[in-house]
Amino acid sequence: MDAFDAVARVRPYRIWDGVVARAVRGDHITFAVVDLDADVDVREHRHPNEQVGVVLKGRITMTVAGHSRDLGAGETYVIKGDVAHSARSGPEGASVIDVFTPPRADWEKLDRDHPGPGNWP
């Protein structure tokens, strides 16, 4: 594994329809730049990984444990492991950074696209 790379060279995972994640994985953490198309619903789900994130651009409504908040650039969220959560991107889509610990090993089973620039930076 190289110590350095560029987001545009990372093969994105197709997480859901309209949602791709360019993930950088360490031994104990996953860092991902996630692009969401406009008006995409991310169904309610849960995973054992703790997740923290920040909105880079656009708007996203996050629902965590039944509580919803509309978030814009610079706003953050924290989701403890095994807590139900969902999201909906705004009419212009959104880009977020998500950080997970432990790493998202389950993503290794997903289809991946060819590297290319995302919606951020």
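The sections below set out a description of the structure shown in this document. (Residues numbered from 1 in each chain as written. Predicted model: local features only at pLDDT ≥ 70, side-chain atom pairs only at ≥ 80, totals over all residues. Heavy atoms only, no water.)

### Here's the deal with the overall build of the protein chain
Rules: Strands here are runs of E lasting at least two residues and helices are runs of H or I lasting at least four, both read from the DSSP assignment and numbered beginning at the N terminus. Three labels apply to residues, based on accessible area from a 1.4 Å probe with only protein chains included: buried if under 20% of the type maximum, exposed if over 50%, partly exposed otherwise in between. Between two residues, a contact is recorded if the distance between any of their heavy atoms is within 4.5 Å. For accessible areas, the Shrake-Rupley method is used with a probe of radius 1.4 Å. Any residue's cover is judged against the shown protein chains and nothing else.
When helices and strands are tallied, the protein chain shows zero helices and eight strands. In the protein chain, the succession of α and β elements from N to C terminus is β-β-β-β-β-β-β-β. Its C-alpha atoms put the protein chain at 40 × 30 × 25 Å along the principal axes. Burial status across the protein chain gives 40% buried among its 121 residues. Within the protein chain, residue pairs in contact and separated by at least 24 positions form 67% of the contacts whose partners lie at least 6 positions apart. Of the accessible surface of the protein chain, which amounts to about 7200 Å², a share of 52% is contributed by carbon and sulfur atoms.

### Observations regarding the pairing of strand β3 (residues 30-36)
What counts is decided by this rule: Paired strands are those between which DSSP finds at least two bridges.
Across the seven residues of β3, six count as buried, placing the element largely inside the fold. Bridge count for strand β2 (residues 19-25) against β3 is seven bridges, and the pairing is antiparallel. Bridge assignment links Ala23 to a residue of β3, and that residue is Ala32. Between β2 and β3, which pair antiparallel and follow one another directly, the connecting turn spans four residues. The pairing of β3 with strand β8 (residues 85-101) spans seven bridges and is antiparallel. Opposite Val34, over in β8, you have Val96 as the bridge partner.

### Quick look at the pattern of salt bridges
Put simply, the rule reads: Just to be clear on terms, a salt bridge is a Lys or Arg side-chain nitrogen sitting within 4 Å of an Asp or Glu carboxyl oxygen.
Taken as a whole and assessed by the stated rule, the structure comprises eight salt bridges. For Asp113, the salt bridge is made with Arg14, and the minimal N-O distance between the two is 2.7 Å. Taken together, the positions of Asp113 in the segment after β8 and Arg14 in strand β1 (residues 13-16) put the pair 99 residues apart, joining distant regions of the chain. On the basis of relative accessible area, Asp113 is assigned to the partly exposed category, the value being 26%. The salt bridge involving Arg22 is made with Asp35; its shortest N-O contact spans 3.2 Å. On the criterion of sequence distance, the pair formed by Arg22 in strand β2 and Asp35 in strand β3 is long-range, its members being 13 residues apart. Its relative accessible area of 5% is what places Asp35 among the buried residues. Taken together, the salt bridges that share partners define one network made up of Asp39, Asp41 and Arg88.

### A closer look at the side chain of His45
In this structure, His45 sits in strand β4 (residues 41-45). Residue classification places His45 among the buried residues on the basis of a relative accessible area of 15%. In this structure, His45 is in contact with Trp16, Val83, Ala84 and His85, ignoring residues within four places of it in sequence.

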